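Chain by chain, the residues:
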Amino acid sequence: MTQKSLASGTYVCGDQLFGDPAPGKPKACYAVATPAAPVPGTSTTQLKEITGQSGSFTLTTTTSVVYGRGTQTVTKVLAAGTYTCGDQLFGDPAPGASKSCYTAIASAPAPAPAPAPAPAPSPTPAPAPAPSSPNVLGISGDVMVNGAVSNAEYQAMAQKMGTDAAIAYRYGPSSTEYGTATQSGLPTYGKRPSQSMNMVSIQNPNGRGNRGCGWTGWCGNWQVGGPLDYEPGDYSSSILNFGYIADATPDASFYKKSYAPGLGSVQAINVAHNTMSIEPEPSWTRYDGPANDGGALDASIVSYLKSFPLDKPVALGKCYGRGGWCTSTLAVYADGRIVSVGSNTASTMMSTQLPSGKVPTAITITNSGEFALVTVWDTAAMRGQVAVLALGDGCQNCTMANESQWSGNWGNWKRSYPGLPGLGNYNFIKLIGFVDLPESMRAPTEISVSTGLANNDYQLVRRYFDTDLDNSSVRARYFNGDLSNAYARTGMAVVISKSEKRAAFVDLRPLLAYYKQQYFGQSQSGFNSMIANRGTQPSQWPYTFDVAPSQKPSVIKVMDLDNRPTAVKVALAAPFRAFIATQEGKLRVFDLGSGYLNQQAGGTPSDIVERFSVAVGRNPTGITYAKEKGFVVATETYPNTVEREVIVTSRGDRKVQWVRFDANINAGSVARTLQESRMVDPISTEDTDNHGTESYVLSVADYGGKGIHNFLYGTMVWHTYGASSACSKEKGGCKLLNNAAFEYGGTFKVPGKPFHAMGANIN
């Protein structure tokens, strides 16, 4: 580091003025404040050592603790408890030096001239010091040191992605640190008994049934409805993919093997045979025995391991804007590997890997699976970026090389068209470039995206298979005809940085406008040539940003926040809002204006403003979309429709809260709150959707509790079953057990600590 004293004036921060103290490294200029002499009669702050580095200390109240050496320190507000003084808790403000932990004390005031004699005033008590906030605690591994991103802490945390340390950084503080982990008096909701589905196996002793599972194998269980009927009816289920930090040594109930890939799949709910399963369990369609997976490792993950290593999962992403038809999940790993995991229906395998030095922290997918966006830390340039990947999908196990075998594609395109809407069974992925975030956002932690196109607009085309893009007249219908509103032309992503307390807004309109022109606006011969040239090289379709720079999205606004942002979601449809949760316990609602996501044009950065906030639990780590509920627009559970509610998971207070908004999302409040004795350390949740069913089942990823829990929160109604069925509308559906506010569905035990859970309807 080089330091100079400069006179008043304007300067350029660079090597020409200061020399080059760190060749080849990005640098910055900082102002060093000169300490003023103590003012007579005022107090100065001194530090009292608690313990040296690696020593243990106990706090009896919430306390500001300083860690470091000399002027190289970092301060954290810690709740009452016992801690170890070290880099793991505070970060490393003074690399290579021995450090200590201190508390601040006030020294005696400097002497002041004696005042002229005056009558003694009546004694009044001194004002009490302002208490430390119990809502905002320090975060483990914070990359900010003395107000700036520390290179040492940045590099260290980048190496920890996919570990407990990174979870503590991204989603901490935990309920333990807030003192709520041992809360007493929480309800314990009732659970229905589980009953076997074996009697409907095709191999049952009576020779009846059609469930394709072995009589002595795994046919699953049911809890709601009944009696069990041999006829399946309108069968459907919802499959949940979940990511977890694997235990190095699995619990004795698991097979002794490595679960390092940390990605499992379970059936969240199932409706068939006049029954409903609400207990998370292995899907009978893919179950291969406890020794092979048992649900704790997805079957696709087991197959990937034959080709390349997988460990340390970082985040999961799924598309949500095409109701019931976003079938597969993308999982991103700490080494930049991205893989697709599916379900019992859509499970085509596909993978890619980000370049070395690009460390992923979060992933999101546009409404109908057009693009994936991944936030990365570029550890070489010390820069935050968003990686943009084009996605293509199609029929089961089909690729671009075997499109002549197209069959059983559930209505998808006849070819794989990267960047167009689909059903989420991905068979192609390609990194097309990076969007640089501003220098003020080097450490992005979460991202969410929306194209602003509603499900009903996407559903203008129910079967892409029936609209053949090789036909120029069909392409004209998409370009400016009757199908011109069936795909997205706009989009916005919102990125947050927890440490830097900022949010960035990224305009995707250049990208989507370019894809509209490429697919629907060029000549037939140009289209044919482009499709014939699909591939992974930069000049093959889809083209990279270097080949076609006009498509590159742009950062249009960066906003400072007065507290750490911990979660983000962008509304899938109008009115266009972004929801950003902050650590003290607020869900902040940002107006995105009427231009950026209206499928037309317009919008200015000044349109993006914070409108209001809703108080929620402390350290809200997850914001979940409420899912569609069969054929119902509004219900008793969702009187303003699901688009007017989000579900907020607050790790600090062990709460899940449904936040309900008015019709125009100009005001909101908490409509219901779930707290339950079994829910120990929730980080994220997922609402279930299901074909023809009002399925009010919430799945909770319980990190400290090492399990996936299901909780019911509304009456189950089967809309595609007859009036005589157990949960028909005519019978009033199947209500919650004991008419309680919630019902416990069950828990799937995990050989590690789950942090993400995402699911989709599977027919």
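Model, not experiment: these values are computed from the prediction.

Novice: I'd like to hear about the sheet that holds strand β19 (residues 358–365), residue by residue, with values.
Specialist: Taken together, four strands build an open sheet; the order of strands is β19-β20-β21-β22 and the sheet is antiparallel. On the outer flanks of this sheet lie β19 and β22 (426–436), each paired with one strand and no other. Neighbour-to-neighbour, the strand axes of this sheet turn through a mean angle of 25°, independent of strand direction. The pairing of strand β20 (residues 371–378) with strand β21 (residues 383–393) spans eight bridges and is classified as antiparallel. Directly across from Leu373, in β21, lies its bridge partner Val388. Here helix α3 (residues 151–160) sits on the sheet and contacts β19, β20 and β21; the angle it forms with β20, its principal contact strand, is near 135°. Here helix α9 (residues 509–521) sits on the sheet in contact with β20, β21 and β22, set at roughly 140° to β20.

Novice: Could you give an account of α3, naming the residues involved and the relevant values?
Specialist: Three or more residues of α3 are buried, namely Glu153, Tyr154, Met157 and Ala158. Buried residues in α3, looked at end-on, bunch into an arc of 135°, giving them a common side. Contacts made by the buried residues of α3 are with β7 (144–145), β8 (148–149), α4 (164–171), β19, β20 and β21. Trailing α3 by a residue or two, Gly162 shows a phi angle of about 85°, which is positive.

Novice: Please give an account of the pattern of salt bridges that cites residues and values.
Specialist: Taken as a whole, this structure holds 33 salt bridges when the rule is applied. Note that Asp653 and Arg618 form a salt bridge whose closest N and O atoms lie 2.7 Å from each other. Residue Asp653 is found in the loop between β32 (645–650) and β33 (655–661), and its partner Arg618 is found in the loop between β30 (609–615) and β31 (620–625); the two are separated by 35 residues along the sequence. Each member of the pair Asp653 and Arg618 is classed as buried. What emerges from the salt-bridge pattern is a single network uniting Asp164, Asp247, Lys706 and Lys753.

Novice: Outline the environment of Thr71, listing residues and values.
Specialist: Inspection of the secondary structure assignment puts Thr71 in the loop between β3 (63–69) and β4 (72–78). With relative accessibility at 75%, the residue Thr71 sits in the exposed group. In this structure the C-alpha to C-alpha distance between Thr71 and Pro93, which are 22 residues apart in sequence, comes to 9.3 Å.

Novice: Any details on unusual backbone geometry? Residues and values, ideally.
Specialist: The step from Trp541 to Pro542 runs through a cis peptide bond, and the omega angle for that step is 0°. With respect to the element layout, Pro542 can be found in the loop between α10 (524–532) and β26 (554–560). Omega for the bond connecting Ala574 with Pro575 falls within 30 degrees of zero, at -5°, which places this linkage in the cis form. Summarising the element assignment, Pro575 is placed in the loop between β27 (565–570) and β28 (577–582). The phi dihedral of Ile665 is positive, around 50°, even though this residue is not glycine.

Novice: Give a detailed account of the sheet that holds strand β16 (residues 329–333), specifying residues and quantitative values.
Specialist: Judged by pairing direction, the sheet is antiparallel, and its four strands sit side by side in the order β15-β16-β17-β18 without closing on themselves. Both outer strands of the open sheet, β15 (313–317) and β18 (351–353), are each paired with one neighbouring strand and no more. Across the sheet, the mean angle separating the axes of adjacent strands is 20° when strand polarity is ignored. Pairing of β16 with strand β17 (residues 337–341), which is carried by four bridges, proceeds in the antiparallel orientation. Residue pairing for β17: Thr329 is matched across the bridge by Val341.

Novice: With reference to specific residues and values, describe the nonpolar core.
Specialist: Leu469, Tyr478, Tyr515 and Tyr519 are the most contacted members of the largest nonpolar core, which has 44 residues in total. Looking at this core element by element, the count peaks at six residues for α9. Formed by 35 residues, the second largest nonpolar core is a distinct cluster that contains Tyr154, Ala334, Val376 and Leu389.

Novice: Summarise the state of the cysteines; cite the residues concerned and give the values.
Specialist: A complete count under the given rule lists four disulfides for this structure. With its sulfur 2.1 Å from that of its partner, Cys213 forms a disulfide with Cys219. Between Cys213 and Cys219, the S-S torsion sits near 110°, and that sign places the bridge as right-handed. Through a disulfide, Cys727 is tied to Cys734; the S-S separation comes to 1.9 Å. One disulfide, between Cys727 and Cys734, carries an S-S torsion of -90° and so falls in the left-handed class. Owing to a relative accessible area of 12%, Cys734 belongs among the buried residues under this scheme.

Thresholds, definitions, all that
Residues numbered from 1 in each chain as written. Predicted model: local features only at pLDDT ≥ 70, side-chain atom pairs only at ≥ 80, totals over all residues. Heavy atoms only, no water. Pairing = 2+ DSSP bridges. Helix = DSSP H or I, 4+ residues; strand = E, 2+ residues; numbered from the N terminus. Axes fitted to C-alpha atoms, helices over the stretch in contact; angles between N-to-C directions. Contact = heavy atoms within 4.5 Å. Buried < 20%, exposed > 50% of the residue type's maximum accessible area, 1.4 Å probe, protein only. Arc of directions from axis to C-beta. Salt bridge = Lys/Arg side-chain N within 4 Å of Asp/Glu carboxyl O. Core = buried A, V, L, I, M, F, W, Y, C linked by side-chain atoms within 4.5 Å. Disulfide = S-S within 2.5 Å.

Any functional reading would require information beyond the geometric quantities listed.
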